Structure formats: C-alpha cells, structure tokens
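Topology and contacts: notes
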Amino acid sequence: ACLSGSSTCHVAFPVCSSCSDSTAINLKITLTEQDRMTRGKMQVVNREAGYICEKETDVLGKLDMGLCLDSVYDLVFSKENFLQKIIRLDLRNIPDTSAAGGFQLDMNISMQPVPEGFDTRITDEPIGIASYSPEQNNILFDFAYTENRQKQIDAELRRCGAKQ
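Residues numbered from 1 in each chain as written. Predicted model: local features only at pLDDT ≥ 70, side-chain atom pairs only at ≥ 80, totals over all residues. Heavy atoms only, no water.

Examining the environment of Ile122
Relative to the helices and strands, Ile122 is located in the loop between strand S8 (103–111) and strand S9 (128–133). Distance from Ile122 to Gln152, taken between C-alpha atoms, is 7.9 Å for residues 30 residues apart in sequence. (Helix = DSSP H or I, 4+ residues; strand = E, 2+ residues; numbered from the N terminus.)

Put into structure tokens, the structure is as follows:
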C-alpha cells in the first residue's frame with residue numbers, strides 16, 4: 001500500500017489496502033496536450049489523511065488506479081511548464097448497497113501550457129468536483145461548478161493575452 005510520505009506508489013489497484021475491489025472506484029485516466037496523449041504525473045491526496053502517492057501516466061498518457069470509497073480525494077495532475085489541474089472526488093456517504101461492486105470513472109484531462117504572466121494561483125482550487133448522486137446511483141461531476149471554474153481560468157488567460 002502507499003503510505004503517507006512515500007514518494008512513489010507501486011500499487012495498481014486498489015491504492016488503499018483496507019478496501020476490496022467491490023468497495024472502490026476504478027479510475028481510467030488519459031492525459032492529453034493539444035489533442036495528443038502525453039505523459040504527466042498525478043498526485044493523490046486524501047483530504048482527511050493527507051498525501052498518499054504519486055503516479056505517472058504511461059507513454060500513451062494513460063493511468064488506471066483505484067481508490068477506496070468513504071473519503072475525499074484531490075487528484076492533482078501536473079506536467080512541467082503546464083497548468084496543474086485538480087479534480088476533487090467526494091466518495092463519502094455512499095450506501096453499502098450502492099457501493100457493492102464498486103464504480104468506474106473515466107476521465108480525459110487536457111493539459112495546457114502555462115502562458116507568460118498567468119497567475120497560477122487560480123489553479124490551486126479544483127477545476128472539477130465529482131460526488132455520489134443517490135438519484136443516479138453513480139459518481140457524477142458538478143458541471144455547473146466546472147463551467148464556472150473554466151470561466152475564471154479563461155478570464156485569466158484573456159488577462160495575460162494567451163490563446164484559448
């Protein structure tokens with residue numbers, strides 16, 4: 001298992017040793033740069049317990065991993081000279097009957113170069129938040145939140161004269 005403070009995570013699935021495949025979410029992530037798959041890094045931070053581990057995508061920009069349910073995680077995507085992106089997954093309050101069998105979440109993360117003069121502090125907050133929806137019995141993204149965050153980032157891009 002990945003321990004707090006470890007620099008590399010060598011566990012394929014799940015990240016947490018205390019959960020089984022049936023009480024976890026399996027993530028399939030693809031990093032892209034200008035519509036091409038790219039290498040990059042992802043740090044996993046448990047909002048309650050702290051840093052868990054760091055993983056790298058493969059040469060095709062792909063990464064598969066699992067996370068235990070009943071926690072809040074920040075997935076911090078980074079690549080040198082690119083804007084970081086944070087995705088927050090709130091995996092708490094999922095009924096046992098819904099958690100049985102686990103969940104699957106596919107994400108395509110597009111990386112953008114850091115424009116000159118861009119205030120990178122704007123990327124310290126998540127670009128996307130996903131949580132359990134009892135109505136849909138699934139993990140769903142809050143698209144209104146993401147749209148609002150993207151508008152903030154676009155405004156900063158315009159301020160520093162960067163192409164969008």
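Here we look at the pairing of S9
Examined bridge by bridge, strand S7 (residues 85–90) and S9 share four bridges and lie parallel to one another. Within the sheet, the bridge partner assigned to Arg88 lies in S9 and is Ile129. If you look at the hairpin formed by S9 and strand S10 (residues 138–141), you'll find four residues sitting between the two strands, and Asn137 has a positive phi there, around 50°. (Pairing = 2+ DSSP bridges.)

A look at the pairing of strand S1 (residues 24–33)
Counting buried positions along S1 gives nine out of 10 residues, so the element sits mostly inside the fold. Pairing between S1 and strand S5 (residues 62–68): seven bridges, direction antiparallel. Pairing of Asn26 across the sheet is with Gly66, part of S5. Both S1 and S8 contribute to a ladder of nine bridges, which runs parallel. (Buried < 20%, exposed > 50% of the residue type's maximum accessible area, 1.4 Å probe, protein only.)

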